[in-house]
Amino acid sequence: MNITVIGGGYVGLVTGACFADRGHDVTIIDVDPAKVRTINEKRAPIFEPGLENLLMRTIGKNLRASLSYDSVSTSALTFICVGTPPNEDGSANLTHIESASCSIGTALQNATRYHVVVVKSTVPPGTTGTLVRPAVLISANKTENEIGFAMNPEFLREGRAIEDFMTPDRIVIGSTDVRAGDCAAEVYRSFSAPVVRTGLSAAEMIKYTSNAFLATKISFANEIGNICKELGIDVYEVMKGVGLDQRIGQQFLNAGAGFGGSCFPKDVSSLSVLAGRAGVDPKILRAVLDVNEYQPYRLVALLEKKAGNLSGKRIAVLGLAFKDNTDDVRDSRAIPVIQELLKRGARIVAFDPMAGPNMQKIFPEIEYALSAGDALKEADGCLVMTEWPEFGRIVQEFDLMAHKIVIEGRRILSWNGAEGICW
Ligand code: UGA
């Protein structure tokens, strides 16, 4: 099928490259000329394992990036994959969704074939039906007989996005009319996952609910972890025993410094704001955010308890990305930790295998080491903030931690001299 993807960011690029790899003809549209050029040169503007291989295989054949909306009118479907960043009050900012919808509509004015606009961006329930639909139809000056609408949320994890896209647990397709839904489902014909067909708003809500539930699991594990810590119990032993109950499941019960990234914090906040506007007090969602907010301070408090006054002390912060296998520092738990350490007058030396340059934009004033070993050399104490597998090997490779205070915000070290935030 001929497909256009609006947005060459994380979701759009992975979606476009994977669809092309499955044999569809795909054009990715982005407003950033540098990004368009990079993609067309078969280079990934973001770090995602396997993505550059897909670009190598498909660019110049059935995948291309473009600044113009020309491909929309000859495509069967257009996927909206633009960002929905948080507003000041935690609600989702839909400016890019609205402008993409208007541009799609304008591009469809002279189209002669049926076209389906599919929203893939994470949006509050109601957005596809009440914002995208009228914006496209009015700009195109067409009716719903000529343009259909569907909502198809993504469930991609950074660092494993290609694998998640190619082998999904489920494919959710929301639509008000069957023809539009069928068209969107057709794109996934070669995928073997179950397809869940819903209304538009239910599909939007499935995405928010999935992220909110996963975030709830993490905050729950963290709260139990905090209790375990006080009682001298290892929460990882506890969660192993708990998670083997198939009704609970083992995933997303890893206690630690809390969840970060561009999705969980933003989506739980946005759902809370939505709940409030709907007259519902989101008690659980608020607690999920509260627990998450507090974990980084717990880590610094633990360090202070062991190391005493942190003023003038040299503290190594290992791991700056919001999780391993990415250079993304958005809402990384390392950010509040560094802020708190700076407030206490600590001298920080930070290291991350990939995310150093991105963190440098936020904290240009701290020192960045070239390796974990370098960061640890002169340090009085160390906080481990990201579960990079290579950190697990530090103890074996260097005898650097022997006389240091090491607090783990993620369970990764195989050294029992380290103290865990929840274990
Ligand atoms: C998350 C979801 O997992 C995806 O399904 C979803 O599509 C995506 O958001 C999105 O909305 O686009 P992602 O943010 O890439 O994906 O990362 P996760 O692997 O879910 O991790 C999020 C955060 O939770 C990380 O900071 C991670 O360290 C933390 N986490 C995860 C824990 O603290 N404990 C766990 O057990 C699991």
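Here the residue numbers are simple positions, counted from 1 along each chain's written sequence. Where local features are concerned, this predicted model is filtered to residues with pLDDT of at least 70; where side-chain atom pairs are given and counted, the filter is 80 or more; whole-chain, interface and lining totals use all residues. Water and hydrogen atoms were dropped before computing side-chain values, which therefore reflect all heavy atoms in the structure.

Regarding the environment of Ser101
The residue Ser101 is located in helix 4 (residues 95–107) in this model. When accessible area is computed with a 1.4 Å probe and restricted to protein chains, residues below 20% of their type maximum are described as buried, those above 50% as exposed, and intermediate ones as partly exposed. A relative accessible area of 0% means that Ser101 is categorised as buried. Expressed as a C-alpha distance, the spacing of Ser101 and Val349, which sit 248 residues apart in the sequence, is 45 Å. Whether two residues are in contact is decided by their heavy atoms: any pair within 4.5 Å suffices. Non-local contacts of Ser101, meaning those with residues more than four positions away in its chain, are made with Ile80, Val132, Ala135 and Val136. Only DSSP runs of H or I reaching four residues or more are called helices, and only runs of E reaching two or more are called strands; each is numbered from the N terminus.

Thoughts on the sheet that holds strand 6 (residues 147–151)
The strands that make up a sheet are held in pairs by hydrogen bonds between backbone atoms, and each pair lies either parallel or antiparallel. Each pair of strands is called paired provided DSSP finds at least two bridges between the two strands. In space, the eight strands of this open sheet follow the order 3-2-1-4-5-6-7-8, with mixed pairing throughout. For this open sheet the edge positions go to strand 3 (63–66) and strand 8 (195–198), each flanked by a neighbour on one side alone. Neighbour to neighbour, the strand axes of the sheet diverge by 25 degrees on average, direction disregarded. Strand direction decides the pairing type here: strand 4 (residues 77–80) and strand 5 (residues 115–119), joined by four bridges, are parallel. Of the residues in strand 5, the one forming a bridge with Phe79 is Val118. Axis geometry follows a simple rule: fit a line to the C-alpha atoms, using only the stretch in contact for helices, then measure angles between N-to-C directions, giving values from 0 to 180 degrees.

Overview of the pattern of salt bridges
For this document, the term salt bridge refers to a Lys or Arg side-chain nitrogen within 4 Å of an Asp or Glu carboxyl oxygen. Taken as a whole and assessed by the stated rule, the structure comprises 29 salt bridges. As a salt-bridge pair, Glu419 and Lys229 come within 2.7 Å of each other at their nearest N and O atoms. One end of the pair, Glu419, is in strand 14 (residues 419–420); the other, Lys229, is in helix 8 (residues 200–231), with 190 residues separating them in the sequence. Across the pair, exposure class does not vary: Glu419 and Lys229 are buried alike. With a shortest N-O distance of 2.8 Å, Arg411 and Asp234 are connected by a salt bridge. Residue Arg411 is found in the loop between strand 13 (405–408) and strand 14, and its partner Asp234 is found in the loop between helix 8 and helix 9 (235–243); the two are separated by 177 residues along the sequence.

A look at the site of the ligand
Put simply, a residue is near a molecule or strand once any heavy atom of it comes within 4 Å of that molecule or strand. Around the ligand there are 21 residues in total, and Glu154, Glu158, Lys207, Asn211 and Phe322 lie nearest to it. Polar contact criterion, stated in full: a pair of N or O atoms within 3.5 Å, where within protein one must be able to donate a hydrogen and the other to accept it, and residues adjacent in sequence count only if both atoms are side-chain atoms. The backbone of Leu156 places a nitrogen or oxygen atom 2.8 Å from an oxygen atom of the ligand. Within the contact set of the ligand, an oxygen atom lies 2.8 Å away from a backbone nitrogen or oxygen of Phe322. Surface accessibility in these figures is a Shrake-Rupley result with a 1.4 Å probe; residues are shielded only by whichever protein chains are displayed. Protein contact buries 93% of the 710 Å² of open area that the ligand shows by itself. Of all elements in the fold, only helix 8 and helix 10 (264–277) reach the threshold of two or more residues within the shell around the ligand. Among the elements that take part in the shell around the ligand, helix 8 stands out by supplying three residues, more than any other. For the shell around the ligand, a count of residues per class yields nine nonpolar, four polar and eight charged. Under the convention adopted here, Pro, Cys and the residues Ala, Val, Leu, Ile, Met, Phe, Trp and Tyr are nonpolar, Asp, Glu, Lys and Arg are charged, and Gly plus all remaining residues are polar.

Here's the deal with the sheet that holds strand 14
Read from one edge of the open sheet, six strands run 11-10-9-12-13-14, paired in parallel fashion. In this open sheet, the two edge strands, each paired with only one partner strand, are strand 11 (367–368) and strand 14. Sheet topology note: the strand 10 (residues 347–351)/strand 11 ladder contains two bridges and is parallel. Paired with Ala350 across the bridge in strand 11 is Tyr368.

Observations regarding the packing of aromatic side chains
Ring geometry is summarised as follows: Phe, Tyr and Trp rings, the Trp one being its six-membered ring, pair when their centres sit within 6.5 Å, and such pairs are stacked at plane angles under 30 degrees, edge-to-face over 60 and tilted between the two. Enumeration according to the criterion identifies 10 aromatic pairs in this entry. A centroid spacing of 6.2 Å and a plane angle of 65 degrees characterise the contact between Phe252 and Phe264, whose relative ring orientation is edge-to-face. Of the two residues, Phe252 is situated in the loop between helix 9 and helix 10 and Phe264 in helix 10; the sequence distance between them amounts to 12 residues. Judged by relative accessible area, Phe252 falls into the partly exposed class, the value being 25%. Relative accessible area serves as the criterion here: at 12%, Phe264 is assigned to the buried category. Residues Phe259 and Phe264 carry aromatic rings whose centres are separated by 5.9 Å and whose planes lie at 85 degrees to one another, so their mutual orientation is edge-to-face. Taken as a pair, Phe259 and Phe264 share a single burial class, namely buried. Counting every residue linked through ring pairs, the aromatic cluster contains Phe19, Phe79, Phe165, Tyr188 and Phe191.

Keep in mind these values describe shape, not function.
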